[in-house]
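Observations on the three-dimensional arrangement
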Amino acid sequence: MLKAPRTLTFKCVKCNKSVQVFLQKVSACSHIQPYQGICACGEVKRHATGQKEAVQSYLASPDGSWSHHH
């Protein structure tokens, strides 16, 4: 199985600058690989790959306090 990259880079939706997101620590499972980073302008950027339902629940959590449980 391929390992998830530790960082990804996106354009900030607020200021259009590059923002780097970092792989977040989660349980050792393949359901989701969540990423989070903060742009220089202060905008939080979150991204995730993996199981559709887990990704949707991560991106929908308003304050980033989401956690994955089996």
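Summary of the structure given here. Remember, predicted model here, so these are calculated numbers, not experimental data.

Before going further, it helps to examine the pattern of salt bridges. All told, the structure shown has 1 salt bridge when counted by the stated rule. Two residues, K14 and E43, come together in a salt bridge whose shortest N-O distance is 3.9 Å. Of the two residues, K14 is situated in the loop between strand 1 (7-11) and strand 2 (18-23) and E43 in the loop between strand 3 (32-38) and strand 4 (44-50); the sequence distance between them amounts to 29 residues. For K14, a relative accessible area of 59% corresponds to the exposed category. Judged by its relative accessible area of 28%, E43 falls in the partly exposed class.

Examined against the element boundaries, R46 turns out to sit in strand 4. Its relative accessible area of 16% is what places R46 among the buried residues. In terms of polar contacts, R46 uses its side chain to reach the backbone carbonyl oxygen of Y58, at 3.2 Å.

Calculation rules
Residues numbered from 1 in each chain as written. Predicted model: local features only at pLDDT ≥ 70, side-chain atom pairs only at ≥ 80, totals over all residues. Heavy atoms only, no water. Salt bridge = Lys/Arg side-chain N within 4 Å of Asp/Glu carboxyl O. Helix = DSSP H or I, 4+ residues; strand = E, 2+ residues; numbered from the N terminus. Buried < 20%, exposed > 50% of the residue type's maximum accessible area, 1.4 Å probe, protein only. Polar contact = N/O pair within 3.5 Å; in protein donor to acceptor, adjacent residues only side chain to side chain.

Worth remembering: the numbers are spatial, not functional.
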